[in-house]
Amino acid sequence: MPEMNLTSSEKCAAAETLMGKGQFEDAEYLLDQVLDSHPQDVTALNAKSGLLARTGKIADAKHLLQVAHEIDPESPAVLTNLANLALLENRTSDALEFLKQANNADPDYLAAVLLRGQVHNFAGERSAAAEWLTKASELAPGDADVLAACGKFELEQQKFAEALAMFEKALELRPDNVAALTGMSRLRCMTGEFSLAGELAKKAHLQAPQNADVTAGLAQIYLLSGALSEAQKLTDRIKKRYADYAPVVVLDAEIAIARGETARALADCAAWLRKAPQDQSRLLAFLKLLKSAGNWEQLLAMCEKLPSDLQSSDPVASLREEALLARGRVEESWRSWSTRRALPVERPTSPVKVALPPYAPLPDELVLMRFANTWAGSGPVELSGKTPLRSVWERLECAAKLQWQTEVQEEQPDLLADLCARTILHAPEKTPFTPYLAPDPVRRAVWDAALPKDRGLRIGVFWQARPPGLLIDHLQDILSDLNIVPVSLQFDDSRHQLRTWPGVLDAGKALESLGDLVNLIDCLDMVVGPDGVPLHIAGALGRPGIALLQENHEWYWAGDGTSSLWYPSVKRIVSPVGPDWAAAKPALRAALEFKDA
């Protein structure tokens, strides 16, 4: 008669598979069978501790791990789980120490190598993260978890194309890989594909409903897509189990800031930071929250007090550069950028070669077109890369001097931001603003004829589709009863919201391209709205505009009072961070009534 009993190793392996599917009760049943007969089985002790940690029973998980560690102090699997547990308790330095011991015990133990790369990445130590993630890739080039971790690393460097390829490969290997699903959902959210992002995040959550990172990822997607209540519900559930876990603390604060509860959010996080003031991951998280709150001066003050090695790290230096730009300290910021990028110290020479990074934020590209246009006045500018703004590039004053490259260039080109830095630092005579977009005369005439005359100012309006952004209801409330002709410049699916605002001209339905916005906007008396493509086009044309901003505005809206540093023709109205835009109403109505008079 064949042997029917399962061995302890078979039961442990089956339990690991069940845990991966979220079947924790079945997994625990098998592991308890092993421990009933073999209470010193290190594999079973280690596996059950991981199970308990995933379900929030941290104290019980820690006890089992300590027992396993006493039995086999050099087990890389136990040491790696001790590191995971330390991370849940925000003990990053302890986690790294456990991982170093695991690497010493077995240099090729994949789980320890991979987690070490992820910990360094979480702490903002990019060079160390790249080193260990590369090693993990060499050990297991076709492993879905390794591909997902590397994709997350690339995503945080805003290398969207590389991240996408890694996530797709991971999901091709394992369609239910939660790390890849979560990473892909984050990528889709960052590129504005919120519906697809939400579906991917939900799928990951259903695969591992008790995984804190996956749940936090779904909550983050809800936050970015404007579903603040749903984000808060998920965050509250995670907080019950992991009240001090960094992603949970930060996410809770970000939701509070989006709701306008900035003071409370920063106070809570400051108290959290004081528990471990030397923890680099906590410091970096707090700096990012200061950016979210628009507390630029406090962010700069904190950066100045950091140790020099942390101050010069890429994540901190990048935040500091944004803060400097937001405060109008332009040259200082671009000098730091230039040093980090190791840019040439001499001014660019013709032909200037510029690369457009894939998935770059459209406003950034519109702002920095200015410098490519400036250099095109002196000679050819060779552009490489794909962009949804190609039709806008064709409306540059010097568009005839632009040469679009289809082949990969042998010489490494500058990024658009690199060109900005090199212009400001090494060719300051080329930095003064002059309008750099120009309408097509024929198409402009068509728009001018189609728009009403003698009915008041023709005001281009646009809005954001999701809270806490400037919504269509905010604009309608602010602009009601004024002697103006509102012209909607909305060009995406949010145009359907116009049904709630009768009397607005829907110009978006007749736009031939984003470049056609240049022709339309040049016919208007003013453009009013939040940070977005239409307002940047108005600024680049030198046309009047009013930017409705909050204190956490992007770097290119730096200015003094109502004056805008980057776009002289656009005035700024800056409100506190949060979903309430009422503070902008009096200033905007006063500006429009004055102009109408």
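Note that this is a predicted model, so its numbers are computed, not measured.

**Quick look at the overall build of the protein**
Next up, step 1: The number of helices and strands found in the protein is 29 helices and 12 strands.
Next up, step 2: Over its C-alpha trace the protein gives a radius of gyration of 27 Å, about what one expects of a compact globule, namely 25 Å for 597 residues.
Next up, step 3: Relative to its full complement of 597 residues, the protein shows a buried share of 52%.
Next up, step 4: At a minimum sequence separation of 6, the contacts of the protein that also span at least 24 residues come to 61%.

**Thoughts on the pairing of strand S1 (residues 352-355)**
Next up, step 1: Summarising the sheet, S1 and strand S2 (residues 381-384) pair through 4 bridges and their orientation is parallel. Within S2, the position partnered with Lys353 by the bridge is Glu382.
Next up, step 2: In this fold, the crossover linking S1 to S2 by way of helix H22 (residues 362-376) has right-handed handedness.
Next up, step 3: Where S1 lies against strand S4 (residues 414-415), 2 bridges are found, and the strand directions are parallel. Looking at S4, one finds that Ala355 is bridged to Leu415.

**Structural notes on the pairing of strand S5 (residues 457-461)**
Next up, step 1: Of all the 5 residues making up S5, 5 are buried; the element is thus mostly covered by neighbouring parts of the structure.
Next up, step 2: Here S5 shows two buried faces, one formed by Leu457, Ile459 and Val461 and the other by Arg458 and Gly460.
Next up, step 3: Inspection of the sheet shows S5 paired to strand S6 (residues 484-488) by 5 bridges, in the parallel sense. Note on S6: the bridge partner recorded for Val461 is Ser488.
Next up, step 4: For the crossover that starts at S5, traverses helix H26 (residues 472-479) and ends in the parallel S6, the hand is right-handed.
Next up, step 5: Judged from the 3 bridges that link them, S5 and strand S8 (residues 526-529) form a sheet pairing that is parallel.

**As for the sheet that holds S2**
Note on sheets: strands pair through backbone hydrogen bonds, and any given pair is parallel or antiparallel.
Next up, step 1: With parallel pairing, 4 strands are arranged side by side in an open sheet as S3-S2-S1-S4. For this open sheet the edge positions go to strand S3 (402-405) and S4, each flanked by a neighbour on one side alone.

**Side note on helix H6 (residues 92-105)**
Next up, step 1: The terminal C-alpha atoms of H6, which comprises 14 residues, lie 20 Å apart, in line with the 20 Å expected from a rise of 1.5 Å per residue.
Next up, step 2: For H6, the full list of buried residues reads Thr92, Ala95, Leu96, Phe98, Leu99, Ala102 and Asn103. Taken down its axis, H6 places every buried residue within 160° of arc, on the same side. Exposed side of H6, more than 90 degrees from the buried face: Ser93 and Asn104 are the residues found there.
Next up, step 3: Taken together, the buried residues of H6 touch helix H5 (76-88), helix H7 (110-122), helix H8 (126-139) and helix H17 (280-293).

**Digging into the pattern of salt bridges**
Next up, step 1: On inspection of all chains with the given rule, the structure shows 31 salt bridges.
Next up, step 2: With its nearest N and O atoms 2.9 Å apart, the salt bridge here joins Arg91 to Asp94.
Next up, step 3: Between Glu261 and Arg264 there is a salt bridge; the shortest N-O distance is 2.9 Å.
Next up, step 4: Relative accessible area serves as the criterion here: at 38%, Arg264 is assigned to the partly exposed category.

**Focus on unusual backbone geometry**
Next up, step 1: Looking along the chain, the bond that leaves Ser350 and enters Pro351 is cis, with omega of -5°.
Next up, step 2: In this model, Pro467 is joined to Pro468 through a cis peptide bond whose omega is 10°.
Next up, step 3: Tracing the sequence through the fold places Pro468 in the loop between S5 and H26.
Next up, step 4: Positive phi is not limited to glycine here, since Ala342 has a value of about 55°.
Next up, step 5: By secondary structure assignment, the location of Ala342 is in the loop between helix H21 (330-340) and S1.
Next up, step 6: Phi is positive for Asp454, which is not a glycine, with a value near 60°.
Next up, step 7: Counting through the fold element by element, Asp454 comes out in the loop between helix H25 (441-450) and S5.

Definitions and cut-offs
Each chain carries its own residue numbering, running from 1 in the direction its sequence is written. Per-residue local features are limited, in this predicted model, to residues with pLDDT of at least 70; the limit for side-chain atom pairs, both in listing and counting, is 80 or more; totals at the level of whole chains, interfaces and linings are taken over all residues. Note that the side-chain values use all heavy atoms of the structure and ignore hydrogens as well as water. Each helix is a run of H or I in the DSSP string that is no shorter than four residues. Each strand is a run of E no shorter than two, and both are numbered from the N terminus. The atom set for the radius of gyration is the C-alpha atoms, and the globule formula is 2.2 Å times the number of residues raised to the power 0.38. Per-residue accessibility, obtained with a 1.4 Å probe over protein chains only, is compared with the maximum for each type, and a residue is labelled buried under 20%, exposed over 50%, and partly exposed between these values. Contacts are residue-level and defined by heavy atoms, with any inter-residue pair within 4.5 Å sufficient. We call two strands paired when DSSP finds no fewer than two bridges between them. Seen with the strands pointing away from the viewer, any crossover whose path from the first strand over the helix to the second strand runs clockwise is right-handed. Any helix carries an expected span of 1.5 Å times its number of residues minus one. Of all possible arcs, the one meant is that of the directions from the helix axis to the C-beta atoms. Whenever Lys or Arg places a side-chain nitrogen within 4 Å of a carboxyl oxygen from Asp or Glu, that contact is recorded as a salt bridge.

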